[in-house]
Amino acid sequence: MKIVIDAHAGFCPGVLRAVQKAEKMLAHSGELISLGALIHNPVELQRLQQMGLITRPQEEPLDAERLSDLKDRRVLVRTHGLAAAGHEALRQAGAQVEDATCSTVRRVQTLIAEKDRQGEQIVIIGKKNHAEVIGLAGYSRKPLLIEREADLEGAVFSDRVAVFSQTTFDRDRFFSLAKIIQDRVRHATVHDTTCRHITKRLRRLVDFAASVDVLLLIGGSHSSNSRVLFEACRAVNERSFKIEGVDELDRSWLRPADTVGISGGASTPRWQLEKVRDYLLELSAQ
Ligand code: SF4
């Protein structure tokens, strides 16, 4: 069996920055609280938790009274970002906030706030319950959230609409939903706010998946971008499998003469890919 790790896999810039920030803060003093899971990768999260990271559920809407136990404690805002009201609630609660919002997400928040001020109706295409989408929605007075075609049926649009995407939403699906809106609205401006890093990764990953017999995509089950990347792999290589770690690997997927490619989502560190590679090396030596 030949085993190859995707040269372009590893943390995306936003997740890398957030994890490095958390590691640095934890090294200085033992406690750091993350509102919601810092990254959608339970294995990596466990490593950070062992260093002292505490995950606290992000109960929306964030409310200063409910957050009062965070007074004078260090709180990390994750890559998905928070609505402006969420930042204000943390400030009122007296938390010491460290902001790890990805710069790409922050740019979308700023643009949404600007278009909202200019009187455009804000439409966000993405997963309605995703923390990033909830955060983005908080920069508009009356946002319309669209996840699938059915959401468009009863939707009421104004004359001037600005359409945005969740950064990790499937780009083709975004454009197809945005097109339906453009056909219905006189002045609809479509802002492609999908993450460029993910788009580039997707292109390279598709080539990689097509070049191997079996593709193993390592990623958290709640990771939106891992799901998007995996579906793209499946489209070019039906022997593509998505797992969180070696415990989920089924040996019947593999044949001795296979070339096995290992890749991961934006929140999968390289050490996790190397762990899967080492396991496969042991397996093929048996
Ligand atoms: S996937 Fe893109 S938008 Fe999301 S954290 Fe990574 S770099 Fe930022």
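Residues numbered from 1 in each chain as written. Predicted model: local features only at pLDDT ≥ 70, side-chain atom pairs only at ≥ 80, totals over all residues. Heavy atoms only, no water.

J.: I'd like to hear about the sheet that holds strand β10 (residues 214-218), residue by residue, with values.
T.: One open sheet accounts for four strands, arranged β1-β12-β10-β11; its pairing is parallel. At either end of the open sheet lies a strand with only one pairing partner, and these are β1 (2-5) and β11 (240-243). Across the sheet, the mean angle from the axis of one strand to that of its neighbour is 20°, orientation sign disregarded. Against the sheet, helix α9 (residues 224-236) engages β10, β11 and β12 (259-264), with an angle of about 160° to β11. (Pairing = 2+ DSSP bridges. Helix = DSSP H or I, 4+ residues; strand = E, 2+ residues; numbered from the N terminus. Axes fitted to C-alpha atoms, helices over the stretch in contact; angles between N-to-C directions. Contact = heavy atoms within 4.5 Å.)

J.: For the nonpolar core, give the residues involved together with the corresponding values.
T.: Counting 19 residues, the largest nonpolar core has Val-15, Val-19, Leu-32, Leu-38, Ile-39, Leu-53 and Leu-76 as its most contacted members. For Leu-53, the contacting residues outside a window of four places in its chain are Leu-26, Leu-32, Ser-34, Leu-38, Leu-45 and Leu-48. Grouped together as the second largest cluster of nonpolar side chains are 17 residues, Ile-243, Leu-254, Leu-273 and Leu-283 included. (Core = buried A, V, L, I, M, F, W, Y, C linked by side-chain atoms within 4.5 Å. Buried < 20%, exposed > 50% of the residue type's maximum accessible area, 1.4 Å probe, protein only.)

J.: Before we move on, can you summarise the site of the ligand with the specific residues and values?
T.: Neighbouring the ligand are Cys-12, Gly-14, Thr-79, Cys-102, Thr-104, Thr-167, Thr-168, Cys-195 and Ile-198. Among the residues forming the shell around the ligand, the class breakdown is four nonpolar, five polar and no charged. Structurally, the shell around the ligand is a two-domain feature, drawing no fewer than three residues from each of domain 2 (13-102) and domain 3 (104-190). (Near = heavy atom within 4 Å. Nonpolar A, V, L, I, M, F, W, Y, C, P; charged D, E, K, R; others polar. Domains from an automatic or database assignment.)

J.: Which residues make up helix α2 (residues 42-50), and what values do they have?
T.: Note that an α-helix has 3.6 residues per turn; residues three or four places apart therefore point the same way. Looking at α2, one finds that the buried residues are Glu-44, Leu-45 and Leu-48. Down the axis of α2, the smallest arc covering the buried residues is 100°, so these residues share one side. Turning to α2, the residues buried within the fold contact α1 (13-28), β3 (53-56) and α10 (270-285). For α2, the side-chain oxygen to backbone nitrogen distance between the N-cap and Val-43 is 3.1 Å, and the N-cap itself is Asn-41. The first or second residue beyond α2 is Gly-52, which carries a positive phi of 120°. (Arc of directions from axis to C-beta. Polar contact = N/O pair within 3.5 Å; in protein donor to acceptor, adjacent residues only side chain to side chain.)

J.: Give a detailed account of the packing of α1 against α2, specifying residues and quantitative values.
T.: Where α1 meets α2, the closest approach of the two axes is 10 Å, and the angle between their N-to-C directions is 20°. For the element pair α1 / α2, the angle class is roughly parallel. At the point where α1 passes α2, the crossing takes the left-handed sense. Within the contact between the two elements, α1 uses Val-19, Glu-23 and Leu-26 and α2 uses Glu-44, Arg-47 and Leu-48. A per-class count over the contact of α1 with α2 returns three nonpolar, no polar and three charged. (Parallel < 35°, antiparallel > 145°, perpendicular 65-115°, else oblique. Left-handed = near helix turned anticlockwise from the far one by under 90°.)

J.: A description of the side chain of Ser-223 should follow, citing residues and the corresponding values.
T.: One can find Ser-223 in the loop between β10 and α9. Residue class for Ser-223 comes out buried when judged on its relative accessible area of 1%. Polar side-chain contacts of Ser-223 include one of 3.4 Å to the side chain of Asn-225. With residues near it in sequence (within four places) discarded, Ser-223 still touches His-40 and Ser-267.

J.: With reference to specific residues and values, describe the layout of surface pockets.
T.: Here the idea is plain: a probe the size of a water molecule rolls over the atoms and shows the empty space left. A volume near 420 Å³ is recorded for the largest pocket. Lining the largest pocket are 26 residues, and of these Cys-12, Val-15, Thr-79, Cys-102 and Thr-168 lie nearest its centre. Elements supplying a minimum of two residues to the lining of the largest pocket: α1, α4 (103-117), α8 (196-211) and α9. With four residues, the single largest contributor to the lining of the largest pocket is α1. Per-class residue counts for the lining of the largest pocket are ten nonpolar, 14 polar and two charged. (1 Å grid on protein atoms, 1.4 Å probe; cavity = no way out; pocket = protein on both sides within 12 Å on 5 of 7 lines; lining within 4 Å. Points joined across faces, edges and corners; volume = space filled by probe spheres on them.)

J.: Summarise empty space enclosed by the protein; cite the residues concerned and give the values.
T.: In total, this model carries one cavity of 30 Å³ or more according to the counting rule given. Space inside the largest cavity adds up to approximately 40 Å³. The wall of the largest cavity is formed by Arg-56, Pro-57, Glu-59, Leu-62, Asp-63, Arg-66 and Leu-67.

Bear in mind that shape data such as this cannot, by itself, settle questions of function.
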